[in-house]
Amino acid sequence: MKSYNETRNSSVSVGASQLIFSQLLTTLVHSYYDIYTVYPTDRSADIQTNDEFDFIVVGAGSAGSALANRLSEKSSWKVLLIEAGPDPPVESDIPALFYTVLGSKYDWKYKVDKCPKSCRSMIDNQCLWPRGKLLGGCSSINGLLYVRGNAKDYDNWERLGNPGWNYGNVVKYFKKLEIAKSESMEKEAHGYEGYVHVEDFPEGDLLGNKFSRELLVKLYNELGLPFVKDMSARQKSGITTIPGTVKNGVRWNTAKAYLAPIKDRKNLSVMKETMVTKILIDRNKKAYGVEVFQNNVYKKIIARKEVILAAGALNSPQLLMLSGIGPRDHLRFFNIPLVSDLKVGFNLQDHIFLLNLLARVTDKPSKEVSSLDLMYSYLTEKTELGSVSILNTMAFVDTENKTDDYPDIQIHHFSYPPKNDFLRGFLQTANLPIELIEKYEKENQKHTLIQFLPTLLRPQSTGRIMLNSNKPFDPPKIVTGYLTRFHDIKTFIRGIKFIRKLADTKAFKSCCEFIEIQPLRECRHFIKSTDPYYECLIRNFAQTVYHPVGTCKMGPKMDRDAVVDARLRVYGVKGLRVADASIMPKIVNGNTHIPVVMIGEKAADLIKEDWPGD
């Protein structure tokens, strides 16, 4: 395929530029309608105070969209789905542009509390936590990677007192959600009649991603990591290429997957740009509805059977606490009457990765690529911008060499051609100051950069979600707890040292050299390549991978930290469940989006079992 510039140069007529612009605009219009999705109609104006539904689902994200679809399969059930944000914008459909939606009106734009142990090089010493505020939730703004986690994750959930959550039981829900079309997927391990398209990202060569991907495989092979064809079937140490939640190079968020196909289902109503401010609970501690705020009007909506929170690991605990469900002393401080004394907001876990390990590609001439070239390529063939660089080429490493197929470090990668907007855009989402971003850009002037992002898979450090006030429109207080356990520092350091070993491989020596971006002040007095130096880098540059979980922990009644039982029912309150990332007792060994969709699928079956014959 010719690039935009090649097409432009081959045109010799006086009106060539106008012709090309017209062609590009026409292609854009056709491409827009090719990827345009008709979501369910917003019924907010039609729904009045005291209107009744059988089930009210709060949050139309990864789990909530799946729940609303599956519950409304029963035509006798009337289901209401409430989402705080609008429909996804078209730009969110283009995989490579996911970072452009972060920080926009489609993002809750949360900032974490300052902590002396982490995020030291970020502006105001604060990491940013993007969270999706739109249909599809975080599935509409994430990195689109299809990862199930490790079978041991779910077996461990069951060992912690949650029957029915072992891998043998949940794998059927992974299969149920899938339309598996990736060539890398083992046929017997996947499903083909679900709602979530799982495909290989389209290849292109303008950005040099193919070269970078092949190079990474060679590098890790030299260090003894084999290529694993289907890491989702059985996770183990190795290098792999992960498929994505895409269809023909277009993002396949859960609203597009689960809601668009049933937009005309008569027993499902969707309220958009509607804030749930409180769960309504009667004197018998039965949840009977929700209070919402929409267009400057408060309404009370009744749930005849259940209220189900699927608002995510930040908003679900916040809403519970605002409604009187949470730690007694914390609620008393904000004069919130207690309904059930539970450890809501505790057990916060997140994956974090390190931003400053980069390699400069020196042997391959690097060409500048214009934004017009990339857009033209995407509009005509869905390549280049239809992928997420080499983010889907990842390594899983057991840094302790336990050989038990339970890696403790995941290494994401990103590549940046010279003078491209991707680098600045990505680093701005990490809240790095301009002085540091300019250091990265200086290294990116003439050469392609490959970024190595070691990711801590099973952190022992935990944090907490708290209230900042008793007002629902104030953001929650996010205490990350990052790097408060030295175990996490040690694991991170082993991950860094493993990556540094790549410099000794023949493949690396023939083409590349490592560079390290230092923070502005803190690490200069440490001797390079020592553990204290690496610890300093970690505390300055470790950043969220956008995977917060665990804040409404699932566990048996004897577990004092548990908020919900194995059927996701909130302890001490009837008619109320939580079904999203917050119920995870332990974070999964990989990206969290698909496990959360699985939770939504399983929750729907649990609810159907608990309401037989209705």
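In this report, the structure presented in the accompanying data block is examined. (Residues numbered from 1 in each chain as written. Predicted model: local features only at pLDDT ≥ 70, side-chain atom pairs only at ≥ 80, totals over all residues. Heavy atoms only, no water.)

## Focus: the packing of helix α6 (residues 167–177) against helix α17 (residues 593–610)
We count it as follows: Note on method: axes are straight lines fitted to C-alpha atoms, helices fitted across the in-contact stretch only, with angles between N-to-C directions ranging 0 to 180 degrees. Working definition: helices are DSSP H or I runs of at least four residues, strands are E runs of at least two. Numbering for both runs from the N terminus. The labels follow the angle: roughly parallel below 35 degrees, roughly antiparallel above 145, roughly perpendicular from 65 to 115, and oblique for the rest. In this analysis, two residues are considered to be in contact whenever any of their non-hydrogen atoms come within 4.5 Å of each other. Polar here means any residue outside two lists: the nonpolar Ala, Val, Leu, Ile, Met, Phe, Trp, Tyr, Cys and Pro, and the charged Asp, Glu, Lys and Arg; Gly therefore counts as polar.
Following both chains from N to C, one finds α6 and α17 inclined at 105 degrees, their axes separated by 9 Å at the closest point. Considering their axes alone, α6 and α17 lie roughly perpendicular with respect to each other. The residues of α17 that touch α6, namely those facing Val170, Tyr173, Phe174, Lys176 and Leu177, are Ile594, Pro595, Val597, Met598, Glu601, Lys602 and Asp605. Among the residues making up the contact of α6 with α17, the classes are represented as 8 nonpolar, no polar and 4 charged.

## Brief notes about the pairing of strand β17 (residues 357–361)
Counted only if it meets this: Residue burial is assigned from relative accessible area. The probe radius is 1.4 Å, only protein chains are included, and a residue is buried under 20% of its type maximum, exposed over 50%, and partly exposed in between. DSSP bridges decide pairing: two strands pair if at least two such bridges lie between them.
Burial within β17 is extensive, with 5 of its 5 residues counted as buried. Burial of β17 is two-sided: the residues Leu357, Ala359 and Val361 facing one way and the residues Leu358 and Arg360 facing the other way are all buried. Sheet topology places β17 next to strand β20 (residues 449–456); 4 bridges connect them, and they run antiparallel. By the bridge assignment for β20, Ala359 is matched with Ile450. Here 5 bridges tie β17 to strand β23 (residues 512–516), and the two strands are oriented antiparallel to one another. When the bridges of β23 are listed, Val361 appears paired with Cys512.

## Some thoughts on empty space enclosed by the protein
Note the cut-off: Buriedness for pockets is judged along seven lines, at least five of which must meet protein on both sides within 12 Å for an open set on the 1 Å grid over protein atoms alone, while cavities are sets there where a 1.4 Å probe fits but cannot get out, and lining residues have an atom within 4 Å of a point. Grid points are joined across faces, edges and corners, and a volume is the space filled by probe spheres set on the points.
In this structure the tally under the stated criterion is 3 cavities of 30 Å³ or more. Considered as a void within the structure, the largest cavity measures approximately 880 Å³ in volume. The wall of the largest cavity is formed by 49 residues, among which Pro130, Arg131, Gly132, Gly137 and Cys138 lie closest to the centre. Listed by contribution, the elements that provide at least two residues to the lining of the largest cavity are α3 (62–71), β11 (275–281), α9 (312–322) and α17. Looking at the lining of the largest cavity, its residues break down into 30 nonpolar, 16 polar and 3 charged. Considering only enclosed or pocket space, the second largest cavity measures out at about 70 Å³ in volume. Every residue lining the second largest cavity is listed: Ala96, Leu207, Asn209, Glu384, Leu385, Ser387, Val388, Ser389, Phe414, Ser415, Pro417 and Phe422. Among the residues making up the lining of the second largest cavity, the classes are represented as 7 nonpolar, 4 polar and 1 charged.

## Let's talk about the nonpolar core
Defined as follows: We call a set of buried residues a nonpolar core when its members are Ala, Val, Leu, Ile, Met, Phe, Trp, Tyr or Cys and they connect through side-chain atoms within 4.5 Å of each other.
Core analysis: the biggest nonpolar cluster contains 100 residues, and Tyr220, Leu355, Leu432, Tyr440, Phe452 and Ile538 have the highest contact counts within it. Setting aside its immediate chain neighbours within four residues, Tyr440 contacts Leu355, Asn356, Leu358, Leu423, Leu427, Leu432, Leu449, Ile517 and Phe541. The next biggest cluster of nonpolar side chains, apart from the first, holds 95 residues, and it includes Leu259, Leu268, Val276 and Leu331.

## A closer look at the packing of helix α12 (residues 421–429) against helix α13 (residues 434–443)
For clarity, the threshold we go by: When the near helix sits turned anticlockwise from the far one by under a right angle, the crossing is termed left-handed; a clockwise turn instead gives a right-handed crossing.
Two elements in contact, α12 and α13, have axes separated by 10 Å at closest approach and are oriented at 150 degrees. Here α12 is positioned roughly antiparallel relative to α13, judged by the angle of their axes. Between α12 and α13 lies a crossing of right-handed hand. Contacts from Leu423, Arg424, Leu427 and Gln428 of α12 reach α13 at Ile434, Ile437, Glu438, Tyr440 and Glu441. Of the residues belonging to the contact of α12 with α13, the class tally is 5 nonpolar, 1 polar and 3 charged.

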